[in-house]
Amino acid sequence: MSSANFPIPQAVVAPEMAWVGLALLLPLVSAVLCTICAAARLRGKWPAVFTVLALAASFVVVLRAYNAYSGPVQVPIFEWMSFAWGDGRFQQFTAPCALYIDSLTLFWMLFVTGLGTLIALYASEYMETEKGAGYARFFFGISIFLFAMSSLVMGDNLVMLYLGWEGVGLASYLLIGFDYQRPSAVAAAKKAFIMNRIGDLGLALGIFMLWANYGTLQYSQLFQAMNAGGQTAVDWDVSLIPFLLMLGAFGKSAQFPLFTWLPDAMEGPTPVSALIHAATMVTAGVYLIARLYPFFALHPDALATVAWIGGGTALLAATIGMAQYDIKRVFAYSTISQLGYMFLGLGVGTTYGACYHTLTHAFFKALLFLTAGAIMHGFAGQLDLRKLSGLRHIPGWRLVSWTMFIGCLWLAAFPYTAAFFSKDAILLQALTSARWDFVFLGWLGLFTAALTAYYTFRVWFRVCCGPVHFEPAADAHHGDAPHGAHDAHGPHGHENAHASKAGHAAEHAFHPHAPKWAISTVLAVLAIGTVAAGFPAYNEAFAHGTNWAQKMIAGSSAAAGAQIVEHASHAAETADIHAAHATVLGMEAHTGLLVVGATASLGGILIAAYLHLFSRASADALRRVLMGNWFTRWLPICMERKWFVDEIYHGLFRLPLWIGSQVLHFGDKHFLDGVLVDGIARIPIAAGKLFRPLYGGALQGYAVSMVAGVALVLAWMTWVWLRGFE
Amino acid sequence: MNAFLAPVSSAIASVSTALEGMGQAFSAASEAQIALSLAISALLFVIGLVGFMVRRNMIIMFLCTELMFQGAALAMITVARMHMDVSGQVFVIFILTVAAAEAALALGLVVLLHRRRETLSAEVWSDLGEA
Amino acid sequence: MVPTIFYAASAAAAAALLMLLLPAARKVRTAGTVLGLASLAWILVTIVRAIPVTDSALGNVGMTVLCAFISVAAAVRVITHHRPVYSALYFVLVVISGAALFVLLSAEFVAFSLVIVYAGAILITYLFVLMLAQQSPSETGGADAVEYDRVAREPAAAVTCGFVLLAVLGSVIFASPRSAADASADQVAAVERAWADLGRMPDALLERARRTDPQVRMVVPRSNGAWIETQRDFTAVVSVQRVDSDIASDLVLSPAMLPENTARVGMALVTRFPVSLELAGVILLMAMLGAVVLARRQSELADDERRALAGLDRLAGSEASPARSRG
């Protein structure tokens, strides 16, 4: 079957839409303005003003572009890189600064700029204690991040994507390490950056291979090549391209094995966690695969790999999240887990499901992080769920608690929430697949959904319900106090193994700082947005109308790519036929999934309610039972210790490198420095010491050396003279 | 006894003819004698040189330079004999002159130096050296 | 081949000298003496055996060897004796044996002038100064001789350098011999010059003519204006007037009438090296003036001036002698 039947839409060159480039330019302008603010030592919230205005303006530009959209366009802005050293296809390199705008781009940019604006507004209040250079630096980082993310999403060639890729990594590094005087923050920033670089290697190699085989890096031309040529016989190196690309995606989107940087990245300020590590940067990997989806047909097992990694990571992260005590950490692991779902969706073939889940996840995860931030902001950095309780009964905190409830409900995929539909799309495709391993992954995903629901509501029931009790953190100043080391302390339950310095006496003197208008507004808007994100699905499910999200995805390279993949893997039926004839547990697919999904979600919530709302002591009892038995003891231990992945990394990579560096240092110091450099320096010194006695000052010593010289010279001369006689 | 005395008597005879000088001076010199004399002059010169380097008494050092002069003079005479030319001997006369002049001045200086440091040792005069 | 033996002998001699120089036990010194004499003999024998000796020259060679022994042994004693006066006296022995060697080499005038000037004048001066300047051992604390006379300074280095030089100098001896043609050419030139010299000495010429033929009354110039004419067989012919006649007739002088060494040296000095002669005189004058300057009494200088002259300001704290006021 030729792929000509499912062509990727061709992009039209539209230079008149160059104004869309403003979405790219405005964050850059605000970055420059923030620098000026820092240099001019301005007090006040000017950096935040600039950033919020710039981001809001880019959101407006994107909206306008959406309104003016009529098909994929390529918008050249200026000539950036263009070399030609011959006439052939492989003898030129063109990478203009241009935009490729199709529905996938707009889909992504809408929530990137929208959430960016909202979170920048939130951060203007959240970071207010950092007035001065720190404030400007923060918003500089946010602006740079959004510039890079826009370049990543909107660029028309892989060079711009790579620029954006690296740019978001840089911004992430700068923002995680924002409180640079804290060693744990600096270490986390480094870890994030370095782990990303490992993934970036894969991406870079993939880009090189693409150019080497297709001669171009621009999407429009790549898709043309894909449309024209068949995917039947490819060289082994070409078939490596999808694996290389997915390595990059796994690095950026924190999938196994490159996920340990994301929990540590919670050392950064909470708006950073919300924007970068929940909603936008970590979805770059999903975007990459969605954009270059046609190329994942180059190897039959490429997408299966993606699915397996995604599904496995989802389960792994969920188990770890169940055992963490820091709210932000729980949410970080849930991010990893949900990203796993997105990759699972991409792997089993539903790009719509993956992208829609990205959208819904962006909203509710940002919301959850921002509520956690509000709690942190108000309780002087306290995020340990063993030390907070009953927040919804405290006046001024009702908004936070109920918006958190909405977020948790969506995260748990409660029936008929937006996230339920998006997760449903993914699991449906998996469970009705012709491949047995995809079906297995689908059931695994359902189990993970139950776990997700459990740990999400564990947090909510602990923090927002129950008796009112709160303790401020030991460092009462604003800032994200280090929580990493505190996760694995003590038991699963409520026992305070870690004595807080505040103590019970201070508890009565401490008054929580309720959020003000900026935070509250943003939380409210986000909550509304989270609910609204479900409208496309509601439209389709209840009103039998068109699903806006599906429409957006279907018109892009992602969907066409999915069809190419379907045909490349010789699937006999299309996705529709799958859905129509497949069954889940004997019931028709949609209904069956509804039942099973709802069971999973509600079941998780109920178990969480029992263990953490109604009888909190039973959580401790359960843990004690598990720890007592030698076999089951490993379960809580591994979950709390994050399955020892960090330790494995340390042993596999850091330790050998450290040993190597010690050896090299020793060699450098003693051999290169000592023997070679110093040794060579010692030669003239020794020569000097050797010859110094010649100048002792004794007359006869001089005489001896003179005679010795004369004797030697005469000997040589005589020898030469005598040889003349032979 | 005769065998022992024969070379002795011929030696004495040769000495007497040598004292006459006229005949001997103009006959070709024996190669062995030339070689021996040159060897002796070299030995004298070298022994004088070694003595100069070894002895620490300033006067004896100068005495050794006189020994070196002896060696040089013997070499001159030997070569004059080899070529049967008198100019070698004339030069030895000049050597003698210079040696006398030098001895006078050198000994005067030695006396002065001795007065400075009350010692004839050459090692006290070591100020021209490096540390 | 022969040079190698010579080098070996030199090395042995060097070892012997070293043993003599080191302040070691008596046994070492005795062994050194024996070794030294043996190596000296070895050197001389090597040379003699390398070059054939005709019978007529045997006496000369024998005497040369004897004088060689004496002079070298005395020279070694000069440098190894721990008492300076004895060194000077041994030097006298060196000079005398050197004079003997000169005589054997037909340089009689120089031999005697050597004895007179060197042994007679220079060495006496040395002895005077030695007596004047030498410290008596009892002052320095009881040793047989002063420390700087007893202990040699770096003998090993000195001996090594010196005998390397000896080997170099000695190897020249075994270089190519002179050809016979050169020797005879020298001889002819020497005889001619000698007869010419005799021609410039009228009294000696007359005396020799009278010795040859007692009837000679006076010597007259020959037809070509010269007083004497050399002939091919080393004889010379002069024109003489005999007692009982006025006509000049030829008289042949045999080679035995050649002028003696002293006359020839004198003639050479005056005719061939007049400038050097004058310069030698000037040198002696300078030496005399220098000696007068050096011997000037220093007490006329003030103490400060003297110290400044000596540059002893910089030597404060060094081994400056305490009694400077003397002299």
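Residues numbered from 1 in each chain as written. Chains lettered and ligands numbered in written order. Predicted model: local features only at pLDDT ≥ 70, side-chain atom pairs only at ≥ 80, totals over all residues. Heavy atoms only, no water.

1. Some details on the overall build of chain A
Here is the rule we go by: The helix count covers DSSP runs of H or I at least four residues long, the strand count covers runs of E at least two residues long, and both are numbered beginning at the N terminus. Partly exposed residues are those whose accessible area sits between 20% and 50% of the maximum for their type, while under 20% is buried and over 50% is exposed, using a 1.4 Å probe and protein chains only. Any two residues whose heavy atoms approach within 4.5 Å are treated as being in contact. Using a 1.4 Å probe, the Shrake-Rupley method yields the accessible areas, and only the shown protein chains count as cover for residues.
The secondary structure content of chain A amounts to 28 helices and seven strands. For chain A, with 726 residues in total, the buried portion stands at 56%. Considering only contacts in chain A between residues 6 or more positions apart, those separated by 24 or more positions represent 82%. Carbon together with sulfur atoms contributes 70% to the accessible area of chain A, which is approximately 29200 Å² in total.

2. Thoughts on the overall build of chain B
Looking only at helices and strands, chain B features five helices and zero strands. Here chain B holds 131 residues, and 60% of them are scored as buried. A separation of at least 24 residues holds for 60% of the contacts in chain B among residues at least 6 apart in sequence.

3. Concerning the packing of aromatic side chains
All names here are of chain A. The following threshold applies: Each pair of aromatic rings taken from Phe, Tyr and Trp, with Trp reduced to its six-membered ring, is defined by centres within 6.5 Å and is described as stacked if the planes are under 30 degrees apart, edge-to-face if over 60, and tilted in the remaining cases.
The tally for this structure, following the rule as stated, stands at 35 aromatic pairs over all chains. With centroids separated by 5.3 Å and ring planes inclined at 85°, the aromatic side chains of F138 and F139 adopt a geometry described as edge-to-face. We note that F138, like F139, is buried. Note on F405 and F457: the rings are 6.1 Å apart at their centroids and 75° apart in plane angle, and the pair reads as edge-to-face.

4. Looking at the environment of C34 of chain A
All names here are of chain A. Inspection of the secondary structure puts C34 in helix α1 (residues 22-39). Sequence separation between C34 and A48 is 14 residues, and the spatial gap between their C-alpha atoms is 8.4 Å. Setting aside anything within four residues of it in sequence, one finds C34 in contact with P47, T51, A136, F139, F140 and S143.

5. A short note on the nonpolar core
Spelled out, the test is: By nonpolar core is meant a set of buried Ala, Val, Leu, Ile, Met, Phe, Trp, Tyr and Cys residues that side-chain atoms within 4.5 Å join together.
Of all hydrophobic cores here, the largest spans 195 residues; its most connected members are W108, I327, I375 and M404 of chain A. Looking at this core, the element that brings in the most residues is helix α14 (residues 351-378) of chain A, giving 17 residues. Of all hydrophobic cores here, the second largest spans 102 residues; its members include I47, M61 and I93 of chain B together with A268 of chain C.

6. Some remarks on the interface of chain A and chain B
The following threshold applies: Buried area: the sum, over both parts, of the accessible surface (1.4 Å probe) that disappears when the two are put together. The salt bridge criterion pairs a side-chain nitrogen of Lys or Arg with a carboxyl oxygen of Asp or Glu, the two atoms within 4 Å. Under the rule applied, a polar contact is a pair of N or O atoms within 3.5 Å (in protein, one hydrogen donor and one hydrogen acceptor; residues adjacent in sequence only if both atoms are side-chain atoms). Residues are grouped as follows: nonpolar covers Ala, Val, Leu, Ile, Met, Phe, Trp, Tyr, Cys and Pro; charged covers Asp, Glu, Lys and Arg; every other residue, Gly included, is treated as polar.
The interface of chain A with chain B comprises eleven residues on the first partner and 14 residues on the second. Between chain A and chain B, roughly 910 Å² of surface is buried when both sides are summed, and carbon and sulfur atoms account for 65% of that area. Along the contact surface separating chain A from chain B lie zero salt bridges. Here chain A and chain B share zero residue pairs in polar contact (both at pLDDT 80 or more) between them. Across the side of chain A that touches chain B, the residue classes break down as seven nonpolar, three polar and one charged.

7. What to know about helix α3 (residues 103-126) of chain A
All names here are of chain A. Basically, it comes down to this: To estimate the expected span of a helix, subtract one from its residue number and multiply by 1.5 Å.
Compared with the 34 Å implied by 1.5 Å per residue over 24 residues, the 34 Å span of α3 between its first and last C-alpha is a close match. Burial analysis of α3 places 23 of its 24 residues in the buried class, which makes it a mostly covered element. Its side-chain oxygen at 3.1 Å from the backbone nitrogen of L104, D102 defines the N-terminal cap of α3.

8. A look at the interface of chain C and chain B
It is common to give the size of an interface as the accessible area that goes away when the parts come together. Facing 111 residues of chain C, the contacting portion of chain B comprises 86 residues. Together chain C and chain B conceal approximately 8800 Å² of surface at their shared face, both sides included; 73% is due to carbon and sulfur atoms. The three residues of chain C that bury the most area against chain B are L105, Y126 and Y148 of chain C, which together make up 9% of that side's buried surface. The tally of links from chain C across to chain B stands at two salt bridges. Between D85 of chain B and R272 of chain C there is a salt bridge; the shortest N-O distance is 3.3 Å. The greatest single-element share of the side of chain C that touches chain B, amounting to 15 residues, is contributed by helix α5 (residues 108-133) of chain C. In terms of residue class, the side of chain C that touches chain B is built from 76 nonpolar, 22 polar and 13 charged.

9. Section: unusual backbone geometry
Going from F256 of chain A to P257 of chain A, the amide bond is cis rather than trans, its omega being 0°. Residue position: P257 of chain A is located in the loop between α8 (241-252) and α9 (261-264). The residue F644 of chain A is not glycine, and still its phi comes out positive at about 55°. Turning to its location among the elements, F644 of chain A is positioned in the loop between α26 (634-640) and α27 (645-691). By relative accessible area, F644 of chain A is classed as partly exposed at 26%. If you check the backbone angles, E118 of chain B has positive phi at about 60° while not being a glycine. Take E118 of chain B: it is sitting in the segment after α5 (87-117). By relative accessible area, which is 22% here, E118 of chain B ends up partly exposed.

10. Brief notes about the sheet that holds strand β2 (residues 73-84) of chain A
Strands in a sheet are paired, the pairing made by backbone hydrogen bonds, and the direction either parallel or antiparallel. Residue and element names in this part refer to chain A. Just so we agree on the cut-off: Here a strand pair is declared whenever DSSP counts at least two bridges between the two strands.
Strand order in the open sheet formed by three strands is β1-β2-β3, and the pairing between neighbours is mixed. Of all strands in the sheet, those with a lone pairing partner are β1 (12-13) and β3 (92-101), marking the two edges. Pairing analysis gives nine bridges linking β2 to β3, with the strands arranged antiparallel. Each residue of the ladder has a partner; that of F78, found in β3, is C97.

11. Describing the packing of α3 of chain A against α14 of chain A
All names here are of chain A. What counts is decided by this rule: Note on definitions: angles span 0 to 180 degrees between N-to-C directions of axes, and those axes are lines fitted to C-alpha atoms, for helices only across the stretch in contact. Orientation categories follow fixed angle ranges, with anything under 35 degrees roughly parallel, anything over 145 roughly antiparallel, 65 to 115 roughly perpendicular, and all other angles oblique.
In the contact formed by α3 and α14, the axes pass within 11 Å of each other and the chain directions differ by 5°. Considering their axes alone, α3 and α14 lie roughly parallel with respect to each other. The segment α3 lies against α14, with L104, F107, W108, F111, L115, I119, Y122, E125 and Y126 engaging C355, Y356, T358, L359, A362, F363, A366, L370, G373, A374, M376 and H377. For the contact of α3 with α14, the per-class residue count stands at 17 nonpolar, three polar and one charged.

12. Observations regarding the environment of A187 of chain A
Residues and elements named next belong to chain A. By the element assignment, A187 lies in helix α6 (residues 183-214). By relative accessible area, A187 is classed as partly exposed at 40%. A sequence separation of ten residues divides A187 from G177, and the C-alpha atoms of the two residues are 8.0 Å apart.

13. So, a nonpolar patch on the surface
The condition that has to hold: Candidate patch residues must exceed 30% relative accessible area and have no salt bridge, after which like charges are joined if within 9 Å and Val, Leu, Ile, Met, Phe, Trp or Tyr side chains if within 5 Å.
A contiguous nonpolar patch, built from V275, L279, V282, L285, M286, M288 and L289 of chain C and spanning about 670 Å² of accessible area, is present on the exposed surface. The topology assignment puts L285 of chain C in helix α12 (residues 274-294).

14. A word on the confidence of the model for chain B
All names here are of chain B. Quick note on the threshold: Known as pLDDT, the predictor's confidence for each residue is given on a scale from 0 to 100.
Per-residue pLDDT for chain B has a mean of 82; in total, 80% of the residues score no lower than 70. The spread of mean pLDDT over the elements of chain B runs between helix α1 (residues 2-20), the lowest at 55, and helix α4 (residues 58-83), the highest at 93. Between residues 18-22, whose pLDDT stays under 50, and residues either more than four places distant or in other chains, the model counts eleven contacts. Among the prediction metrics, the complex's ipTM stands at 0.83, with pTM recorded as 0.62.

15. Here's the deal with the confidence of the model for chain A
All names here are of chain A. Per-residue pLDDT for chain A averages 82, and the proportion of residues at 70 or more is 89%. Helix α18 (residues 503-509) is the least confidently modelled element of chain A, averaging 44 in pLDDT, while helix α5 (residues 158-176) averages 93, the highest of any element. Below a pLDDT of 50 lies the segment residues 1-5, which in the model reaches six contacts outside its immediate sequence neighbourhood of four places, other chains included. Below a pLDDT of 50 lies the segment residues 570-580, which in the model reaches eleven contacts outside its immediate sequence neighbourhood of four places, other chains included.

16. Notes on the pairing of β2 of chain A
Both β1 of chain A and β2 of chain A contribute to a ladder of two bridges, which runs parallel. Across the sheet, V12 of chain A pairs through a bridge with V73 of chain A, a residue of β2 of chain A.

17. Details of the pattern of salt bridges
As enumerated under the stated definition, the model contains 23 salt bridges over all chains in all. Between D102 of chain A and R291 of chain A there is a salt bridge whose closest N-O contact spans 3.0 Å. Within this pair, whereas D102 of chain A is found in the loop between β3 and α3, its partner R291 of chain A is found in helix α11 (residues 284-291), the two being separated by 189 residues in sequence. Each of the two residues, D102 of chain A as well as R291 of chain A, counts as buried. In this structure, R211 of chain C engages E207 of chain C in a salt bridge whose closest nitrogen and oxygen atoms are separated by 3.1 Å. In this pair, R211 of chain C and E207 of chain C are both assigned in helix α10 (residues 202-212), four residues apart and thus about one turn of the helix distant.

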